[in-house]
Each structure stands twice: as C-alpha cells, then as structure tokens.
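Understanding the architecture of this molecule
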Amino acid sequence: MVKIGILNLQGAVSEHYDITKKAIENMGIDADVESVRYADEVAECDGIIISGGESTVIGKIIERRGIDEVIKENNMPVFGTCAGMILLGKKTDFDQPLLGIMDITVGRNSYGRQKDSFESPISIFGEEFPGVFIRAPILEEYDKTKDDITVLSEFDSEIIAIQQGHNIAMSFHPELTDDTRIHEYFIKEVLKCVE
Ligand code: GLN
C-alpha cells in the first residue's frame, strides 16, 4: 500500500494530513497517510509532503534528524508548499539549511509581510483553483537547461508552481482549501514511482 508522509515538524501539518486523506478517499485507492517526525518514519513512506510554516525551523530539524539524507538516498517524491517550496530549492536569500533537490532559487517573503497575505483564484492544469498566499515566497529562477522541469502555474507574471521530476513546489497553500485536486495530482506522481 502506498504511504504518503506528512512531515510533522512545524507549520500547517494537520491541514495537509486532512486534505491528503480526503484526496485518497476521492481517488478510491489503497493508500495511507501518516504524520512523520523522524528519519526512520520518513524512510517508510513513498512520498513526503512538507507544509508551510517557518522554513528556517523546519530545515534545521530536517538536517539535525537526517531526514534530508533519507529523502535523497531513496529519491523520494516531495511536494512542498510555501516554506516547503523554499526547502525544496537549492538557494534562497538567507543562509539556512535546504533540501536542495530542485534546481530552483526561491525568494522568501517576497509578497511582503503577514498583512500582505492574500487570496486569489489561480489557474493550474488548465483549471481554476483557489490560491491562498501567506507570506509567500517567489520563485526567482530555475535552471532552464534541465528538461525535467515543468512550470505548472503562473500568477501576476510570477511562477507559483513548478515540478522537477517527481518533486513539486508551490508558493501557495492548497491545504488551506477543501479542494483536493492538487493533492490528488501529487499522489498520482507518487503512484507512478512505485509502479
Ligand atoms: N515566510 C515563510 C518562510 O520563509 C514561509 C511562509 C509560509 O510557509 N506560509 O519560511
């Protein structure tokens, strides 16, 4: 059975847990979702979701607990939202531990402060989706020489969702909506890897 792990270190973890459970129900597949906190628990999963929160805090714990090594050794699909997007990247504008498994550079808090958080409809997979942006990062650049990178969504001329291989990064928060389509998309990517 496929297992999706929600990395439970800090941030909007329970929202990802709930919506992933709902996505699995909607898909009618034999899959499980578990909240994971340590490297050995992460190693048991087929795909990992990293929530929004504080990327500095999440990154330090990931490094301290050796979770980064487990993800890299197992070439595990990772879906990161907001702080999760920052952690997936190779570079940001701050000196902090990153997973660095996507060839992207991400600017933190690029839409301004907490008070500048906003909601707006966005378009992804050719469909409209509710976009929730909370102190959202901006994708500053990605390695255009890599042919496994696909831009999934843009908003106001900025890239807000991008995929490289089986890893997906988004600057907004699909877990704060009750729309499961994006989580279903990630689960399908994980299924492709275990087939
Ligand atoms: N600004 C946060 C960071 O840099 C991310 C914000 C979020 O995840 N909502 O970690």
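A brief look at the structure comes next. (Residues numbered from 1 in each chain as written. Predicted model: local features only at pLDDT ≥ 70, side-chain atom pairs only at ≥ 80, totals over all residues. Heavy atoms only, no water.)

**Some points on the sheet that holds strand 12 (residues 167-170)**
Here is the rule: Criterion used throughout: strands pair if DSSP finds at least two bridges between them. Per the convention used, a helix needs a DSSP run of H or I reaching at least four residues, while a strand needs a run of E reaching at least two, with both numbered from the N terminus. Note on method: axes are straight lines fitted to C-alpha atoms, helices fitted across the in-contact stretch only, with angles between N-to-C directions ranging 0 to 180 degrees. Contacts are assigned to residue pairs that have any heavy atoms within 4.5 Å of one another.
The strand order across the open sheet formed by seven strands is 2-1-3-4-12-11-10, and the pairing between neighbours is mixed. Two strands bound the open sheet, and with one partner strand each, they are strand 2 (31-36) and strand 10 (149-155). Sheet twist, expressed as the average angle between the axes of neighbouring strands with direction ignored, equals 15°. Direction of pairing for strand 4 (residues 78-81) relative to strand 12: parallel, over a ladder of three bridges. If you follow Thr81 over to strand 12, its bridge partner there is Met170. Against the sheet, helix 1 (residues 13-27) contacts strand 1 (2-7), strand 2, strand 3 (47-50) and strand 4, and its axis sits at roughly 175° relative to strand 2. With respect to the sheet, helix 6 (residues 181-194) is in contact with strand 1, strand 3, strand 4, strand 10, strand 11 (158-164) and strand 12, its orientation differing from that of strand 1 by roughly 125°.

**With respect to the site of the ligand**
Applied cut-off: Here a residue is near a molecule or strand as soon as one of its heavy atoms is found within 4 Å of it. Definition of a polar contact: a pair of N or O atoms within 3.5 Å, with one able to donate and the other able to accept a hydrogen when the atoms are protein atoms, and with sequence-neighbouring residues admitted only if both atoms are side-chain atoms. Here the open area of atoms and residues is found with the Shrake-Rupley method and a 1.4 Å probe, where only the protein chains shown may cover a residue. As defined here, a cavity is a set of points on a 1 Å grid over the protein atoms alone where a 1.4 Å probe fits but cannot get out. A pocket is an open set with protein on both sides within 12 Å along at least five of seven lines, and residues line them when an atom is within 4 Å of a point. What decides whether a molecule sits in a cavity or pocket is whether more than half of its atoms lie within 2 Å of the grid points. Classification used: nonpolar for Ala, Val, Leu, Ile, Met, Phe, Trp, Tyr, Cys and Pro, charged for Asp, Glu, Lys and Arg, polar for all others including Gly.
With respect to spatial proximity, the complete set of residues near the ligand consists of Gly52, Gly53, Glu54, Ser55, Cys82, Ala83, Ile86, Arg108, Asn109, Ile134, Arg135 and His173. A distance of 3.4 Å separates a nitrogen atom of the ligand from a polar atom in the side chain of Arg135. When the ligand is considered free in solution it has 300 Å² of accessible area, and contact with the protein chains removes 96% of it. The pocket occupied by the ligand, as judged from atoms lying within 2 Å of grid points, is the largest pocket. Class assignment of the residues belonging to the shell around the ligand gives a composition of four nonpolar, five polar and three charged.

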